[in-house]
Amino acid sequence: MKPEFSVVIPAYNEQEVIEESYKRLSAVMTRINESYELIFIDDGSRDKTAQILARICEADKNVKLLRFSRNFGHMPAITAGMDYALGGAVLVIDADLQDPPELFPQMIEKWREGYDVVYGKRSERKGETVFKKLTAGLYYRFLRRMTDVDLPVDTGEFRLIDRKVCDVIKGIKEKNRYIRGLVSWVGFKQTAVDYVRAERFAGETKYPLTKMIKLAMNGITSFSYKPLKLAAHLGFGISALSFMYLLIVLYQRLFTSSTTVGWASMVAIVLFSQGIVLMVLGLMGEYIGRIFEEIKDRPIYIIDEIINGDQGAESGK
Ligand code: UDP
Ligand code: MG
């Protein structure tokens, strides 16, 4: 029997919170009084997350567990959850209770009104460093300008998606997925509900700066060619400036006698243009790397074990 709602919860080293998340999620879902499934994805945790979830699965048959063979990342974990979800609506939420499950009834209400995607919009973030708030705020706005997709600012993965949207996204086999971008890109009727992003219930962030930068780069490069255009513009700009400088140099050489003073400016120009060339090469590399990832066509995730799951769900490809 297909449940009415599927809740997808990615978890990586969340042993301090996972029990509590389960309790709060199942309390909320029970109150909604419809059939549901909680799909936890253990993203290769090295702590007791998987054991705790396996125990919960034994006691509660509404809970399913997908265990990855290693750590694949937040986006692959959500992808797996969406691939295996059977519900008429899929709710995605982090395991750390920063996004309140108590918002689900409100999201479901909007869904019943006919919206296909209901995303949580953070009106405030609590307990996060000034650095994270600032970079996140800037990033979402920068991303909006860089891409042609209408990405809502200040939203994460906390949202409800209708079955048909979920199916469409399942059909998109991009490897380096930026799910919140894809969800906007597919269109459909979308709306937001505001909420205050709480502090982590326990444990610490699994998004160190390096992962954040990777996600940020993914967001930009999977939805925009503008950085490549920027490279071209930069090239034109620099060439134009260089040409003007060349005229000055020629003038000095031909009509004045002060041509020996060139060394410092030469060095400056060489260093500067080298820097630009390297930067642009790196940018090209980003895109080539993405092509390389796609062409290899490896699965997005690998599942080691499924507990309480139904057979017949798709693989990670
Ligand atoms: N997560 C994951 N795999 C990872 C990193 C994170 O499944 O490699 C999960 C994590 O368990 C959490 C969610 O993704 O449920 C968001 O991570 P986190 O709360 O650490 O990010 P933040 O809220 O600090 O941006
Ligand atoms: Mg978090």
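Cut-offs applied
- Residues numbered from 1 in each chain as written.
- Chains lettered and ligands numbered in written order.
- Predicted model: local features only at pLDDT ≥ 70, side-chain atom pairs only at ≥ 80, totals over all residues.
- Heavy atoms only, no water.
- Salt bridge = Lys/Arg side-chain N within 4 Å of Asp/Glu carboxyl O.
- Helix = DSSP H or I, 4+ residues; strand = E, 2+ residues; numbered from the N terminus.
- Buried < 20%, exposed > 50% of the residue type's maximum accessible area, 1.4 Å probe, protein only.
- Donors = N, O, S within 2.8 Å, 3.2 Å for Na, K, Ca; no water.
- Near = heavy atom within 4 Å.
- Polar contact = N/O pair within 3.5 Å; in protein donor to acceptor, adjacent residues only side chain to side chain.
- Areas by Shrake-Rupley, 256 points an atom, 1.4 Å probe, with all protein chains shown as cover.
- Nonpolar A, V, L, I, M, F, W, Y, C, P; charged D, E, K, R; others polar.

(A) Spotlight on the pattern of salt bridges. A full pass over the atoms with the stated rule returns twelve salt bridges. Lys64 is the partner of Glu37 in a salt bridge, and the nearest nitrogen-oxygen pair spans 2.4 Å. Residue Glu37 is located in strand 2 (residues 36–42), and its partner Lys64 is located in strand 3 (residues 63–68); the two are separated by 27 residues in the primary sequence. Note on accessibility: Glu37 and Lys64 belong to one class, buried. Across the salt bridge formed by Arg67 and Asp304, the nearest N and O atoms sit 3.2 Å from each other. Of this pair, Arg67 sits in strand 3 while Asp304 sits in strand 8 (residues 303–307), and the two are 237 residues apart along the sequence. Owing to a relative accessible area of 47%, Asp304 belongs among the partly exposed residues under this scheme. One salt-bridge network, held together by shared partners, links Asp42, Arg67, Asp304 and Glu305.

(B) The coordination of the magnesium ion (ligand 2), seen in detail. Within the protein, the atoms that donate to the magnesium ion (ligand 2) are Asp96 (OD) and Gln98 (OE1), at distances of 1.8 to 1.9 Å. Each member of the pair, Asp96 together with Gln98, is buried.

(C) Spatial organisation of the environment of Leu86. Note that Leu86 resides in the loop between helix 3 (74–84) and strand 4 (89–92). Assessed through its relative accessible area of 26%, Leu86 is described here as partly exposed. Expressed as a C-alpha distance, the spacing of Leu86 and Glu305, which sit 219 residues apart in the sequence, is 18 Å.

(D) Up close: the site of ligand 1. The full set close to ligand 1 counts 19 residues, and Glu14, Asp43, Asp96, Thr205 and Lys206 are the nearest of them. Residue Tyr12 places a main-chain N or O atom 2.9 Å away from an oxygen atom belonging to ligand 1. Protein chains bury 96% of the 530 Å² of accessible surface belonging to ligand 1 in isolation. Here the shell around ligand 1 is composed, by residue class, of five nonpolar, five polar and nine charged.

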